[in-house]
Amino acid sequence: MRLTGEVNRDLIRARLLAWYTDQARDLPWRVPPMGNRRGDPYRIWLSEVMLQQTTVPHATPYFLKFTARWPTVRDLAAAPDEEVMAAWAGLGYYARARNLLACARAVVRDHDGVFPETEADLRRLPGLGPYTAAAVAAIAFDQPANVVDGNVERVMSRLFAVEMPLPDAKPTLNAHALGLVGPERPGDWAQALMDLGATVCRPRAPQCESCPLAEPCLGRASGQAETFPRKRTKLARPRRYGVAYVLTRGQQIGLETRPPSGLLGGMLGLPTTEWRATPFTDTEAVAAAPAVTVWRDAGAVEHVFTHFALTLRVFSGIGHAETLTWAETAALAGLPSVFMKAARVGL
Ligand code: SF4
């Protein structure tokens, strides 16, 4: 999908490329912005895989260590698995390190140690998703690939003031980004957008006053740049109501095992009523209690489960019930948190 927007795309391209020429971050895997110069695909691929895990400052020492030890894709492909895994430690998921090795070995085995140049061929390598394939195609081979990650989505949502919330807006944001990709300096363009998102159009407090795209930016013109991208408002959870009973005898409290199926199934907890859509009256609460005694309304607790929010009234009393399991009140730490909250109110 290509979109026609109200912004001047030529102006955006010219301004951002000029800004990048002057202000590009100096990164160890980067070729300086000088037109159609190509980068080393091995270093660019390695940096992109590492940057999926972490930030530039955290990834940089790892990148330097990897490239000093394994300067080419052939060196990495020939490395023992354990050595690569050990060098990766601290960078997050080991699955990525395994994919890294699988990809390096596929490049050596299937491509004679030379990375393929097109996005489609790069996608066939193990572990290369759409983002990494587009990034390597653009930055290493100067191909007009549409490189879109969360940062680029944020910039597009502001630049075009996209009101549709994420994630539904993704195809629109992708199309806006595609509309700005051109034949001139595609590698620099991809990196310019990355730099803008990282240093100027940041998630919080975007620096619109120093942004090269301030003039054409519709988000800035709206006066609400930081509020983009829009997010879908969370659906309100339904509310349920119940009563929990804190029945004590001396230093002991009466507990019951919950039914094996259902929420908190099979777990030990306070005796409760069912959890239903309408609140319980006092009469209902006393009638459903596990023992006949004087019940005191001790208050209520709120707890949020994945699919509903619970308001649990807490009744406390002194007495005994054969049906309950008796535990020391000092030893309640293993109860589910909703019952811990209620016990604290009722004891
Ligand atoms: Fe982002 Fe502000 Fe620049 Fe627009 S003007 S792209 S909102 S930093």
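Nothing here was measured: the structure is a model prediction, and the numbers come from that model.

S.K.: Any details on the environment of Pro-212? Residues and values, ideally.
M.R.: In this structure, Pro-212 sits in the loop between α11 (186-199) and α12 (218-222). If near-sequence neighbours (up to four positions away) are discounted, Pro-212 is found in contact with Arg-15, Leu-16, Trp-19 and Leu-196.

S.K.: Residue-level account of the site of the ligand, with values.
M.R.: As a structural note, the neighbourhood of the ligand is formed by Arg-158, Val-200, Cys-201, Pro-206, Cys-208, Cys-211, Ala-214, Cys-217, Arg-220 and Ala-225. A per-class count over the shell around the ligand returns eight nonpolar, no polar and two charged.

S.K.: How would you summarise the domain arrangement of the protein if you had to cite specific residues and measurements?
M.R.: Assigned domains within the protein: domain 1 (4-227) and domain 2 (239-346). Using only C-alpha atoms to locate each centre, domain 1 and domain 2 end up separated by 53 Å.

S.K.: Break down the packing of helix α2 (residues 41-51) against helix α6 (residues 94-111) for me, citing the residues and quoting the values.
M.R.: Orientation of α2 relative to α6, taken along the N-to-C sense of each, is 165°, at an axis distance of 11 Å. Taken together, the axis directions place α2 and α6 in an arrangement best described as roughly antiparallel. Seen along the crossing, α2 lies across α6 with a hand that is right-handed. Every residue of α6 that contacts α2 at Trp-45, Leu-46 and Val-49 is listed here: Arg-96, Leu-100, Cys-103 and Ala-104. Class assignment of the residues belonging to the contact of α2 with α6 gives a composition of six nonpolar, no polar and one charged.

S.K.: Tell me what's going on with α6, and back it up with residues and numbers.
M.R.: Spanning 18 residues, α6 covers 25 Å between terminal C-alpha atoms, matching the ideal 26 Å at 1.5 Å per step. Looking only at α6, the buried set comprises Ala-97, Leu-100, Leu-101, Cys-103, Ala-104, Ala-106 and Val-107. Those residues of α6 hidden inside the fold are in contact with α2, α3 (56-69), α4 (73-78) and α5 (81-88). Two residues or fewer after α6 comes Asp-112, characterised by a positive phi angle close to 55°.

S.K.: Which residues make up the packing of aromatic side chains, and what values go with them?
M.R.: This structure, assessed with the given rule, holds ten aromatic pairs. Pairing Trp-45 with Phe-115 gives two aromatic rings, centres 5.4 Å apart and planes at 50°, and the pair type is tilted. Here Trp-45, found in helix α2, pairs with Phe-115, found in the loop between α6 and α7 (119-123); they are 70 residues apart in sequence, far enough to count as distant. Taking the centre distance of 5.3 Å and the plane angle of 65° together, the rings of Tyr-245 and Trp-295 count as edge-to-face. Highlighted residues: Tyr-245 in strand β1 (residues 239-249) and Trp-295 in the loop between α13 (282-287) and β4 (296-304), separated in sequence by 50 residues.

S.K.: So what about the pattern of salt bridges? Which residues, and what values?
M.R.: Across all of its chains, the model carries 16 salt bridges by this definition. The salt bridge partner of Asp-195 is Arg-25, with a shortest N-O separation of 2.8 Å. Remark: Arg-25 occurs in the loop between α1 (9-23) and α2 and Asp-195 occurs in helix α11; sequence separation between them is 170 residues. Judged by relative accessible area, Asp-195 falls into the buried class, the value being 1%. Note that Arg-239 is salt-bridged to Glu-302, the shortest N-O span being 2.6 Å. Separated by 63 residues along the polypeptide, Arg-239 in strand β1 and Glu-302 in strand β4 bring together distant segments of the chain.

The rules behind these values
Residues numbered from 1 in each chain as written. Predicted model: local features only at pLDDT ≥ 70, side-chain atom pairs only at ≥ 80, totals over all residues. Heavy atoms only, no water. Helix = DSSP H or I, 4+ residues; strand = E, 2+ residues; numbered from the N terminus. Contact = heavy atoms within 4.5 Å. Near = heavy atom within 4 Å. Nonpolar A, V, L, I, M, F, W, Y, C, P; charged D, E, K, R; others polar. Domains from an automatic or database assignment. Axes fitted to C-alpha atoms, helices over the stretch in contact; angles between N-to-C directions. Parallel < 35°, antiparallel > 145°, perpendicular 65-115°, else oblique. Left-handed = near helix turned anticlockwise from the far one by under 90°. Expected span 1.5 Å × (residues − 1). Buried < 20%, exposed > 50% of the residue type's maximum accessible area, 1.4 Å probe, protein only. Phe/Tyr/Trp six-rings, centres within 6.5 Å; stacked < 30°, edge-to-face > 60°. Salt bridge = Lys/Arg side-chain N within 4 Å of Asp/Glu carboxyl O.

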